[in-house]
Amino acid sequence: MKYYLIAGEASGDLHASRLMRSLKEKDPEAQFRFFGGDLMAAEGGTMVKHYRDLAYMGFIPVLLHLRTILKNMKMCKEDIRDWWPDVVILVDYPGFNLDIAKFVHGLRGTRKEERGTRSKERGTRFPKVCYYIAPKIWAWKEYRIKNIRRDVDELFSILPFEVDFFEKKHHYPIHYVGNPTAQEVREWRLSMPAPRAGQVGDVAARPTIALLAGSRRQEIKSNLPAMIAATRHLADRYDIVLAGAPSIDPEFYQPFLKDSTVRLVVNETYPLLASATAALVTSGTATLETCMFNVPQVVCYNTQMKHLFGLLRKLLLKVKYVSLVNLIADREVVTELVAETFSVDGIRRELEKILPGGEGREAMLQGYKEVHQRLGESHAPDRAADLIVSLLH
């Protein structure tokens, strides 16, 4: 079978690569083309475009790069039409991927004479659309359910609370396949010896505080300076270590690290978390990874025009929390400092609470156990691959 995958950022590259590996086990004849990253490339197939050329976030960056985004979208559509896969697998990244889903679905409505030509050249079957890692329309843009219902053949969820949202609220059946991040962390921890505190990178010394400042340049610019400032007073007791994002050139971080003792490590996020005492984390998949490593954390997410964002958040967002940890637990397990509540003093204060001896540390660790239980033990890539291959046959 021919599989066309589209992942638009680092986390999608990781999850899609694991899905590709599982698909190869179920389908030895699997062929791949994809928009993705280095991890997907390592699994084989043809990379059409690297996600580094897709990852624009926020209104202004998207507007400034709109021409490039539209060019990439056009390229993707033409490549799908030319290669004519059996299935297009979309991985998160809804702004781009939902438009691709609409395009692929629209191929089924082409004129009869076009269908006749296509059936001779490519077979009579039109590509299926599978969405692996459902768009988070429960947070905002809930109206996208209409597009999903119309354009997506099978939707795979990695968050247990999404089942009620899609099936009970919108009567749209989905598959909860387990959480790949949880499984990836479990597998990594089983495969690696337990590290000693501080044993990351070139230095093995004091206990570690991890900084995970996001995977996009704008996130890093908005969050990292405050994270560094909030940990400066702890530099004599802790090794402050920043996890470099795989999509970011290490040189980009250097102006932020100037005049600080913060160390940068690249491609060592899991080893860093495995040895960390506490962490400051920008909202996203990293909050769940930190939870799975049982590292107490403060979620930090700064924005431009904080008070306006805070107002819009109340008006537009459909959920109480921004971190996956709290969303899965359905209560505040980790403190979230977002927009108007984000400040250096606030980060410093909340961090002190979760360091050893702090008043909030044990309660947070107990909350993590609840999150682990709700996620379950399913191996998401294997489960999704089984369903996709069954659909195609």
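Look a little higher up for the structure.
Okay, so let's go over this structure.

Reading the values: rules and limits
Residues numbered from 1 in each chain as written. Predicted model: local features only at pLDDT ≥ 70, side-chain atom pairs only at ≥ 80, totals over all residues. Heavy atoms only, no water. Buried < 20%, exposed > 50% of the residue type's maximum accessible area, 1.4 Å probe, protein only. Helix = DSSP H or I, 4+ residues; strand = E, 2+ residues; numbered from the N terminus. Core = buried A, V, L, I, M, F, W, Y, C linked by side-chain atoms within 4.5 Å. Contact = heavy atoms within 4.5 Å. Pairing = 2+ DSSP bridges. Axes fitted to C-alpha atoms, helices over the stretch in contact; angles between N-to-C directions. Phe/Tyr/Trp six-rings, centres within 6.5 Å; stacked < 30°, edge-to-face > 60°. Lys NZ or Arg CZ within 6 Å of the ring centre and 35° of its normal. Polar contact = N/O pair within 3.5 Å; in protein donor to acceptor, adjacent residues only side chain to side chain. Parallel < 35°, antiparallel > 145°, perpendicular 65-115°, else oblique. Left-handed = near helix turned anticlockwise from the far one by under 90°. Nonpolar A, V, L, I, M, F, W, Y, C, P; charged D, E, K, R; others polar.

## Observations regarding helix α13 (residues 285–292)
(1) Moving on: Among the eight residues in α13, seven count as buried, and that is most of the element.
(2) Moving on: Directly beyond the C-terminal end of α13, a positive phi value near 60 degrees is found at asparagine 294.

## Points about unusual backbone geometry
(1) Moving on: Here tryptophan 84, not a glycine, exhibits a phi torsion of approximately 50 degrees, which is positive.
(2) Moving on: In this fold, tryptophan 84 is placed in the loop between α4 (66–83) and β4 (87–91).
(3) Moving on: Phi at asparagine 294 is positive, roughly 60 degrees, even though this residue is not glycine.
(4) Moving on: Relative to the assigned elements, asparagine 294 resides in the loop between α13 and β12 (297–301).
(5) Moving on: We classify asparagine 294 as partly exposed; its relative accessible area is 32%.

## A closer look at the nonpolar core
Note on soluble globular proteins: their nonpolar side chains tend to be buried together.
(1) Moving on: By size, the foremost hydrophobic cluster in this structure holds 124 residues, and its most contacted members are Tyr3, Leu5, Ile6, Ile100, Phe166, Leu211 and Ile388.
(2) Moving on: Sort the elements by how many residues they give to this core and helix α18 (residues 380–392) lands first, with seven residues.
(3) Moving on: In this view, tyrosine 3 contacts Leu23, Asp27, Ala30, Gln31, Phe32, Arg33, Trp83, Val87, Ile89, Ile388, Val389 and Leu392; residues no more than four positions away in its chain are not counted.

## Considering the sheet that holds strand β6 (residues 154–157)
(1) Moving on: The parallel open sheet is built from seven strands, whose spatial order is β3-β2-β1-β4-β5-β6-β7. The open sheet has two edge strands, β3 (46–50) and β7 (175–176), and neither has a second partner.
(2) Moving on: With four bridges joining them, strand β2 (residues 31–36) and β3 adopt parallel strand pairing. When the bridges of β3 are listed, glycine 36 appears paired with histidine 50.
(3) Moving on: Along the sheet, helix α1 (residues 10–26) contacts β1 (2–7), β2, β4 and β5 (128–132); its crossing angle with β1, the most-contacted strand, is approximately 165 degrees.

## Focus on the environment of alanine 134
(1) Moving on: Following the sequence through the fold, alanine 134 ends up in the loop between β5 and α7 (145–151).
(2) Moving on: Distance from alanine 134 to isoleucine 148, taken between C-alpha atoms, is 9.5 Å for residues 14 residues apart in sequence.
(3) Moving on: For alanine 134, the residues in contact, after removing those within four places along its chain, are Leu155, Phe156, Glu162 and Phe166.

## A short note on the packing of aromatic side chains
(1) Moving on: Going through the model one piece at a time under the given rule, you end up with 13 aromatic pairs.
(2) Moving on: With centroids separated by 5.9 Å and ring planes inclined at 80 degrees, the aromatic side chains of tryptophan 188 and tyrosine 270 adopt a geometry described as edge-to-face. Here the residue tryptophan 188 occupies a position in helix α9 (residues 180–191), and tyrosine 270 occupies one in helix α12 (residues 269–275), the gap between them amounting to 82 residues. The exposure classification of tryptophan 188 matches that of tyrosine 270, with both residues buried.
(3) Moving on: Note on tryptophan 188 and phenylalanine 293: the rings are 5.7 Å apart at their centroids and 70 degrees apart in plane angle, and the pair reads as edge-to-face. Linking tryptophan 188 in helix α9 with phenylalanine 293 in the loop between α13 and β12, this pair joins segments that are 105 residues apart in sequence. The two residues tryptophan 188 and phenylalanine 293 agree in class, both being buried.
(4) Moving on: Across from the ring centre of tryptophan 83, 4.8 Å away, lies the NZ or CZ of lysine 2, which sits over that ring.
(5) Moving on: Its end group placed over the ring of tryptophan 140, lysine 141 keeps NZ or CZ at 4.6 Å from the ring centre.

## A few points about the side chain of aspartate 27
(1) Moving on: Relative to the assigned elements, aspartate 27 resides in the loop between α1 and β2.
(2) Moving on: A distance of 2.8 Å separates the side chain of aspartate 27 from the side chain of tyrosine 3, its partner in a polar contact.

## Quick notes on the packing of helix α10 (residues 217–231) against helix α16 (residues 344–354)
(1) Moving on: Across the interface, α10 lies against α16 with an axial gap of 8 Å and an inter-helix angle of 50 degrees. Our classification of the angle between α10 and α16 gives oblique. The way α10 lies across α16 gives a crossing that is right-handed. Across from Ala226, Ala229, Ala230 and Thr231 in α10, the residues of α16 making contact are Val344, Ile347, Arg348 and Leu351.
(2) Moving on: Classifying every residue of the contact of α10 with α16 by side-chain character gives six nonpolar, one polar and one charged.

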